[in-house]
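Listed below, chain by chain, are the residues.
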Amino acid sequence: MDELASLQAGAWFGSLSETLRCAVLARARVHRVAAGAVLARRGSPATDWIGVLRGAVRLGTVLRDGRPFTLDLVGPGQWFGDIALIDGKPNDLDVVAQAPAALLMVSQPDMRGLMADHPELRDAFVVLNCQRLRHMFRRFEELHTLPLAQRLARQVLRLGRHFGRVCEDELRIELRISQSDLAAMVGGSRQRVNTALRQLQALGLIRLGEARLALLDAAQLQALADADAGWWMQLSRRGGRRTAAPPASLRSDGIDDLYRVWAPRA
């Protein structure tokens, strides 16, 4: 019931009519997998529409040098796999369980049957893919316009929203994630992300564990993520000086040191 509640709490699935939600659940099967289980390979035929009940699924690929590349992580309440089933093309990404996961699997024939019987689902898929496009555009904009400081802060906050659990005075991200994964998602090197994470920890914003993160001061991390990019860019000018004060919500102690680590490099 807890897993079903997490699915129902997903913004997209929760917005569907009760009739359609029940129809989807009636045609779905539950599939439980261990961390590291491969659900699909890039280029393989698409077979299922998948909703995450528990755990996390990594969407990515393998680079030519053999290194894994993580594009995104899908958590409870989120769905994926419908695009390839609709257009009939092969899978575009490797799909691997990042953590032990419980999944709802809907086969291609059943998904097409749902679309035929429930026109609402067709419209809902349009909305879902508009949301994905907007997310992709935001990520693309971040990658090309924001310093690594803000990109990393925003990604950590996203992980906290999807995989965080409040425990005592911190928000623990219940997911093993490597610094290489984080580096891929924010478009930076593993070395620079490692240094940046340690700077965040020194400021008391996060706590680093063994392949895990905890948010200690989400408000300050949010202020860092939302700070005006122009203010950050001023700090990158060699020999220049600041012409604007930092945002009122952002503590000034240590921020200059952070920027020297994270400033964009030509």
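First, a word on what this report is: a plain description of the structure on this page. (Residues numbered from 1 in each chain as written. Predicted model: local features only at pLDDT ≥ 70, side-chain atom pairs only at ≥ 80, totals over all residues. Heavy atoms only, no water.)

## Remarks on the overall build of the protein
Part 1: Each helix and strand in the protein was counted, giving 12 helices and 12 strands.
Part 2: Relative to its full complement of 266 residues, the protein shows a buried share of 44%.
Part 3: For the protein, the proportion of contacts with a sequence separation of at least 24, taken over those separated by at least 6, is 68%.
Part 4: Put simply, the protein shows about 14000 Å² of open surface, and 53% of that area lies on carbon and sulfur atoms. (Helix = DSSP H or I, 4+ residues; strand = E, 2+ residues; numbered from the N terminus. Buried < 20%, exposed > 50% of the residue type's maximum accessible area, 1.4 Å probe, protein only. Contact = heavy atoms within 4.5 Å. Areas by Shrake-Rupley, 256 points an atom, 1.4 Å probe, with all protein chains shown as cover.)

## Considering the sheet that holds strand 10 (residues 170-173)
Part 1: A sheet is described by the order of its strands in space; here 4 strands give the open sequence 9-10-12-11, paired in antiparallel fashion. The two strands at the open ends of the sheet, each matched to only one other strand, are strand 9 (164-167) and strand 11 (206-208). Here the average twist between neighbouring strands, direction ignored, is 30 degrees.
Part 2: Examined bridge by bridge, strand 11 and strand 12 (residues 213-215) share 3 bridges and lie antiparallel to one another. Within strand 12, the position partnered with leucine 208 by the bridge is leucine 213.
Part 3: The strands that helix 7 (residues 148-163) touches are strand 9, strand 10 and strand 12; relative to strand 10, the one it contacts most, it runs at about 85 degrees.
Part 4: Contacts between helix 9 (residues 190-202) and the sheet are confined to strand 11 and strand 12, with strand 11 contributing the most and set at about 125 degrees to the helix. (Pairing = 2+ DSSP bridges. Axes fitted to C-alpha atoms, helices over the stretch in contact; angles between N-to-C directions.)

## Concerning the sheet that holds strand 2 (residues 38-40)
Part 1: As summarised here, the arrangement of the 4 strands in space is 2-7-4-5, forming an open sheet in which the pairing is antiparallel. The open sheet has two free edges, formed respectively by strand 2 and strand 5 (68-74), since each of these has just one partner strand. For this sheet, the mean angle separating the axes of adjacent strands, direction not counted, is 35 degrees.
Part 2: The pairing of strand 2 with strand 7 (residues 94-97) spans 2 bridges and is classified as antiparallel.

## So, the pairing of strand 7
Part 1: Neither face of strand 7 is open: one carries Asp94 and Val96, the other Val95 and Ala97, and all of them are buried.
Part 2: The sheet contact formed by strand 4 (residues 57-62) and strand 7 spans 4 bridges and is antiparallel. The partner of valine 57 across the bridge, within strand 7, is alanine 97.

## A closer look at the side chain of glutamate 142
Part 1: In this structure, glutamate 142 sits in helix 6 (residues 119-145).
Part 2: Apart from residues no more than four positions distant in its own chain, glutamate 142 is found in contact with Arg151, Arg154 and Arg158.

## A word on the environment of arginine 27
Part 1: Positionally, arginine 27 belongs in helix 3 (residues 18-27).
Part 2: Judged by its relative accessible area of 32%, arginine 27 falls in the partly exposed class.
Part 3: Arginine 27 sits 87 residues away from leucine 114 along the chain, and the two C-alpha atoms are 8.6 Å apart.
Part 4: With residues near it in sequence (within four places) discarded, arginine 27 still touches Met105, Asp110, Gly113, Leu114 and Asp117.

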